[in-house]
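Chain by chain, the residues run as shown.
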Amino acid sequence: AQRVTQPEKLLSVFKGAPVELKCNYSYSGSPELFWYVQYSRQRLQLLLRHISRESIKGFTADLNKGETSFHLKKPFAQEEDSAMYYCALSGLTKAAGNKLTFGGGTRVLVK
Amino acid sequence: EAGVTQFPSHSVIEKGQTVTLRCDPISGHDNLYWYRRVMGKEIKFLLHFVKESKQDESGMPNNRFLAERTGGTYSTLKVQPAELEDSGVYFCASSPGTQGWGYNEQFFGPGTRLTVL
């Protein structure tokens, strides 16, 4: 069974401080990992995906297959980063159908 | 271009009543997904349409839930009869392309908040 775990429900950081959101997953196969973000009064949107290996809004995430982790990091948090962040995975097979499995989410508050 | 739209934005009904949620995907998107987030829990997959066909309905909780996608365009999700535990936010998402492997980004609607009293 596939599962995504985000151990922190709430992360409070000061502006300018580094922020790291933890995500661990379990999946029998090769998944694709994502971070989705939901800003206040906005819809859920894709932040980044591991395959693209991009840095979006200063955020990066590295897939560690050995530790089955996909932690999200930003060296200097900004007030506009305050939002709800969801880690998610999708199977890379036709049978998986691209459905997303989400973690419970981490609320980030930048003070 | 308009994004994914959902109607209503909020619905309050009594236990035992029927509610129908609607989702209009981005024009031309073959794939349509329903998810829901029950209070305190993670967002969970309900089902996946490819055009008008149900590709995967493994996440549908029980037979009180019925989803349709008329003509491969908009989709409805009917809950009949509604129970207290059905309260939550129901999200719809769509993505381009036909069924295959390799991920196509899913674009989410704003969600419908369902409250069952």
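The rules we used
- Residues numbered from 1 in each chain as written.
- Chains lettered and ligands numbered in written order.
- Predicted model: local features only at pLDDT ≥ 70, side-chain atom pairs only at ≥ 80, totals over all residues.
- Heavy atoms only, no water.
- Helix = DSSP H or I, 4+ residues; strand = E, 2+ residues; numbered from the N terminus.
- Buried < 20%, exposed > 50% of the residue type's maximum accessible area, 1.4 Å probe, protein only.
- Contact = heavy atoms within 4.5 Å.
- Phe/Tyr/Trp six-rings, centres within 6.5 Å; stacked < 30°, edge-to-face > 60°.
- Pairing = 2+ DSSP bridges.
- Axes fitted to C-alpha atoms, helices over the stretch in contact; angles between N-to-C directions.
- Salt bridge = Lys/Arg side-chain N within 4 Å of Asp/Glu carboxyl O.

**Side note on the overall build of chain A**
Then step 1. Within chain A one finds zero helices and 11 strands.
Then step 2. Helices (α) and strands (β) of chain A occur, in sequence order from the N terminus, as β-β-β-β-β-β-β-β-β-β-β.
Then step 3. Within chain A, buried positions represent 47% of all 111 residues.
Then step 4. Put simply, 58% of the contacts in chain A that link residues at least 6 apart link residues at least 24 apart.

**Describing the packing of aromatic side chains**
Then step 1. Counted according to the given criterion, the structure contains 11 aromatic pairs over all chains.
Then step 2. Aromatic side chains A:Tyr36 and B:Phe108 sit 5.5 Å apart centroid to centroid with 75 degrees between the ring planes, which places their arrangement in the edge-to-face category. Highlighted residues: A:Tyr36 in strand β5 (residues 31–38) and B:Phe108 in strand β10 (residues 107–108), drawn from two different chains. Comparing A:Tyr36 with B:Phe108 shows no difference in burial state: the two are buried.
Then step 3. Pairing B:Phe91 with B:Phe108 gives two aromatic rings, centres 6.5 Å apart and planes at 80 degrees, and the pair type is edge-to-face. Taken together, the positions of B:Phe91 in strand β9 (residues 88–95) and B:Phe108 in strand β10 put the pair 17 residues apart, joining distant regions of the chain.
Then step 4. The exposure class of B:Phe91 is buried, given its relative accessible area of 1%.
Then step 5. In this structure B:Phe108 comes out as buried when scored by relative accessible area, which is 2%.
Then step 6. Taken together, the ring pairs connect A:Phe34, A:Tyr36, A:Tyr86, A:Phe102, B:Tyr33, B:Tyr35, B:Phe45, B:Phe91 and B:Phe108 into an aromatic cluster.

**Brief notes about the sheet that holds strand β7 (residues 65–69) of chain B**
All names here are of chain B.
Then step 1. Judged by pairing direction, the sheet is antiparallel, and its four strands sit side by side in the order β1-β3-β8-β7 without closing on themselves. On the outer flanks of this sheet lie β1 (5–7) and β7, each paired with one strand and no other. Across this sheet, the average inter-strand angle for adjacent strands is 15 degrees, counted without regard to direction.
Then step 2. Bridging between β7 and strand β8 (residues 75–79) involves five bridges; their strand directions are antiparallel. Bridge pairing in β8 places Leu66 opposite Lys78.

**What to know about the pattern of salt bridges**
Then step 1. Under the counting rule described, the total for this entry stands at nine salt bridges over all chains.
Then step 2. Here A:Glu79 and A:Lys15 are joined by a salt bridge, their closest N and O atoms 4.0 Å apart. You can see A:Glu79 sitting in the loop between β8 (69–74) and β9 (83–91) and its partner A:Lys15 sitting in the loop between β2 (10–13) and β3 (19–21), a full 64 residues away along the chain.
Then step 3. Residue classification places A:Glu79 among the partly exposed residues on the basis of a relative accessible area of 48%.
Then step 4. With a closest N to O distance of 3.3 Å, A:Lys99 and B:Asp56 form a salt bridge. In this pair, A:Lys99 is assigned in the loop between β9 and β10 (101–102) and B:Asp56 in strand β6 (residues 53–56), connecting two distinct chains.
Then step 5. Its relative accessible area of 16% is what places B:Asp56 among the buried residues.
Then step 6. If you follow the salt bridges from partner to partner, you end up with B:Arg36, B:Arg64 and B:Asp86 in one network.

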